[in-house]
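Residues per chain are reported as follows:
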Amino acid sequence: MRAQGIETVRRILCIFPRYTSSFGTFEYAYPLTDGVQAFMPPQGLLVIAAYLPENWPVRFVDENIRATTKEDFEWAEAVFVSGMHIQRNQLNDICRRAHAFDLAVAIGGPSVSACPDYYPAFDYLHVGELGDATDELIGRLARNPSRPDQQVVLKTADRLDMSRFPIPAYELAEIKRYFLASIQYSSGCPYQCEFCDIPGLYGRNPRLKTPQQITAELDKLLECGVTGSVYFVDDNFIGNRKAAVELLPHLVEWQKKTGYVMRLACEATLNIAKRPEILEKMREAFFITIFCGIETPDPDALKAMHKDHNMMVPILEGIRTINSYGMEVVSGIIMGLDTDKPDTGEALLAFVDESRIPLLTINLLQALPKTPLWDRLERANRLIDDEARDSNVDFLLPYDQVVSSWRKCMEIAYQPERLYARYQYQVDFTYPNRLKIPVTPEQKSWANIKRGLIMLRNIFWKVGVLGDYRKVFWKFALARLRHGDIEGLISSAMIGHHLIMFARAASVGQQNASNYSIRLREASVPAE
Ligand code: SF4
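What counts, and where the lines are drawn
Residues numbered from 1 in each chain as written. Predicted model: local features only at pLDDT ≥ 70, side-chain atom pairs only at ≥ 80, totals over all residues. Heavy atoms only, no water. Pairing = 2+ DSSP bridges. Helix = DSSP H or I, 4+ residues; strand = E, 2+ residues; numbered from the N terminus. Axes fitted to C-alpha atoms, helices over the stretch in contact; angles between N-to-C directions. Salt bridge = Lys/Arg side-chain N within 4 Å of Asp/Glu carboxyl O. Buried < 20%, exposed > 50% of the residue type's maximum accessible area, 1.4 Å probe, protein only. Core = buried A, V, L, I, M, F, W, Y, C linked by side-chain atoms within 4.5 Å. Contact = heavy atoms within 4.5 Å. Parallel < 35°, antiparallel > 145°, perpendicular 65-115°, else oblique. Left-handed = near helix turned anticlockwise from the far one by under 90°. Nonpolar A, V, L, I, M, F, W, Y, C, P; charged D, E, K, R; others polar. Phe/Tyr/Trp six-rings, centres within 6.5 Å; stacked < 30°, edge-to-face > 60°. Lys NZ or Arg CZ within 6 Å of the ring centre and 35° of its normal. Near = heavy atom within 4 Å. Polar contact = N/O pair within 3.5 Å; in protein donor to acceptor, adjacent residues only side chain to side chain.

**Q** Please give an account of the sheet that holds strand E3 (residues 78–82) that cites residues and values.
**A** What holds strands together in a sheet is hydrogen bonding between their backbones, with the strands either parallel or antiparallel. The six strands lie next to each other as E2-E1-E3-E4-E5-E6, forming an open sheet whose pairing is parallel. If you trace the sheet from one side to the other, it starts and ends with strand E2 (58–62) and strand E6 (152–155), each paired once. Adjacent strand axes in the sheet meet at a mean angle of 20° when their direction is disregarded. Looking at chain direction, E3 and strand E4 (residues 104–108) are connected through five bridges and run parallel. Looking across to E4, one finds that Val 79 is bridged to Val 105.

**Q** Before we move on, could you go through the pattern of salt bridges and cite the residues and values that matter?
**A** Taken as a whole and judged by the stated rule, the model has 32 salt bridges. Residue Glu 129 pairs with Arg 159 through a salt bridge whose shortest N-O separation is 3.0 Å. Of this pair, Glu 129 sits in the loop between strand E5 (124–127) and helix H5 (132–143) while Arg 159 sits in the loop between E6 and strand E7 (181–183), and the two are 30 residues apart along the sequence. Put simply, Asp 485 and Arg 480 hold a salt bridge, and the shortest N to O gap is 2.8 Å. A relative accessible area of 7% means that Arg 480 is categorised as buried. The network of salt bridges with common partners includes Arg 59, Arg 66, Glu 71 and Asp 72.

**Q** So what about the nonpolar core? Which residues, and what values?
**A** Ranked by size, the top nonpolar core spans 150 residues in total, and within it Phe 232, Phe 237, Met 282 and Phe 287 carry the most contacts. A per-element tally of this core places helix H19 (residues 486–507) first, with ten residues. Apart from residues no more than four positions distant in its own chain, Met 282 is found in contact with Phe 237, Leu 248, Cys 266, Ile 272, Phe 287, Ile 290 and Met 327.

**Q** Give me the lowdown on the packing of helix H7 (residues 211–223) against helix H8 (residues 241–258), citing residues and values where you can.
**A** Interaxial distance between H7 and H8 falls to 9 Å at its minimum, and their mutual angle equals 30°. Taken together, H7 and H8 sit at an angle that is classed as roughly parallel. For the element pair H7 and H8, the recorded crossing hand is right-handed. For the pair H7 and H8, contact is made by Pro 211, Gln 212, Ile 214, Thr 215, Leu 218, Asp 219 and Leu 222 and by Glu 246, Leu 247, His 250, Leu 251, Trp 254, Lys 257 and Thr 258, respectively. Of the residues belonging to the contact of H7 with H8, the class tally is seven nonpolar, four polar and three charged.

**Q** How would you sum up the packing of aromatic side chains? Please name residues and give values.
**A** Tallying each qualifying case throughout the model produces 23 aromatic pairs. Centroid distance Phe 395 to Tyr 399: 6.2 Å. Interplanar angle 10°. Geometry classified as stacked. Taking 6.4 Å as the distance between ring centres and 35° as the angle between the ring planes, the aromatic pair formed by Tyr 420 and Tyr 469 counts as tilted. Here Tyr 420, found in helix H15 (residues 416–429), pairs with Tyr 469, found in the loop between helix H17 (446–465) and helix H18 (470–482); they are 49 residues apart in sequence, far enough to count as distant. Here the two residues Tyr 420 and Tyr 469 agree in accessibility, since each one is buried. A connected cluster of aromatic rings, assembled from ring pairs, spans Phe 16, Tyr 19, Phe 26, Tyr 30, Phe 39 and Phe 179. Across from the ring centre of Trp 75, 4.5 Å away, lies the NZ or CZ of Arg 59, which sits over that ring. The ring of Tyr 118 carries the charged tip of Arg 88 above its face, separated from the ring centre by 3.7 Å.

**Q** Account for helix H1 (residues 43–51), naming residues and giving values.
**A** Across the nine residues of H1, eight count as buried, placing the element largely inside the fold. Among all positions of H1, only Gln 43, Leu 45, Leu 46, Val 47, Ile 48, Ala 49, Ala 50 and Tyr 51 are buried. In this structure, the buried residues of H1 make contact with strand E1 (12–16), E2, E3, H5 and E7.

**Q** Quick rundown of the site of the ligand? Include the residues and the values.
**A** Lining the immediate surroundings of the ligand are Cys 189, Tyr 191, Cys 193, Phe 195, Cys 196, Pro 199, Asp 235, Thr 269, Lys 307 and His 309. Residues belonging to the shell around the ligand are distributed by class as follows: six nonpolar, two polar and two charged.

**Q** An account of the environment of Arg 434 is needed here, citing residue identities and associated values.
**A** Looking at the element boundaries, Arg 434 is found in the loop between H15 and helix H16 (441–444). With a relative accessible area of 17%, Arg 434 lands in the buried category. In the structure, Arg 434 is positioned 109 residues away from Tyr 325 in sequence and 6.5 Å away in space, judged by C-alpha atoms. Excluding residues within four positions of it along the chain, Arg 434 makes contact with Arg 283, Phe 286, Ile 288, Gly 326 and Glu 328. From its side chain, Arg 434 meets the backbone oxygen of Ile 288 in a polar contact 3.2 Å long.

Everything listed is a geometric property; what it means functionally is a separate question.
Here you go:
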């Protein structure tokens, strides 16, 4: 649905800020693609854009793709932005630039919802999800778009039911410039891991769209030209297992109908391994990747962070089970926990080798506002507000020891030989379990072949000729070519290149140690 009953017309400029360079945004892979410039289209901002009154012209700028121009600001009557903590400085910078044009600026999204005081200069703070605060904001702008005398804080008390959410305005985004397309079925998670802000922000009882909304969104993504990977950004895909079971047959049907043009991925807790009925349907719906927050292989640490549900099956067994349904596991790992010991780094590296997981996002612990971890550390006076540090946590082990252990782990885990050995395992033991899908007309189309050839040319030149790990690459690549597995070659080489390059930068202190830290490395993600 859209906001109703508004007669006045306002021109709204929606701006998504640049990312701070981080492990999870894959920017080292972009030069190997056919023109990707950004990670994922921002769901929240595109939903708000779709919710605005039908007669309000909306322009969307993702500053990861292009900078907002003078002409954009001159066109607009008000500016909407949204983002995460890691984009805080960029968000405040957009506000400053919009104010230079005397435009009212409203901010919504997860960062301002958790920490309104991070954004003192904004005219409107939209705290919480889509709901009555959104209607109030639209009403105020309709009556008067000029900047209010003082900051107005609007808090959502009555959230819009997700089953009434509009389809995100994907058509406003240059969807083909994104590494992954995104979609959202649910919001919230029933667990309460100590470090996580999801239950505090979005609740423990997941809210849901309908399966019909999801297939309509997939239709729209397809219309916008998406044919690659689509990531379910749900906090936990099985946060409501019944809902996941209800959705999956619709996804299977949709994939059959459209010729399996989308490869699906999601985030879910590792205890999904106990649900073969869900895994089998996910296989049939062509899910090929699951991100699991394994966090640590240490059972004491899992207990301490209230993530006992990761131990419902032995971790390695859980990973193998997921692999047996053709899905590669991607894992989040945290270092700097109170339970860490001097040998935690070695134990982690042993786990990396044993798990055979190619992609693990290894972060240093960062305390996020609105989490039990934040409250505990605040009480113990262990929060440190210093942007020069890689974490805001006063670790129990010496800071330098923790950071150097993290750097060492990054360096060793992503040595090209080790990483490609893990990919080889996936090629041998995970990917063969995937659904064998028929070759679709879309795959045989000249546009798709041309895209593949551009990516192969980039990979062969930048990794196979210029790359300093080309021997390892060619050993893997030639075997893939012999098997005619071009798609497997392209995806492993692209992701692998990002992991290797990022880890090298990290191991010499040129990348930050947390996806959540706001320590900036602006120069490495040029948007202009
Ligand atoms: S299971 Fe995942 S989403 Fe849920 S509280 Fe834990 S870390 Fe957060």
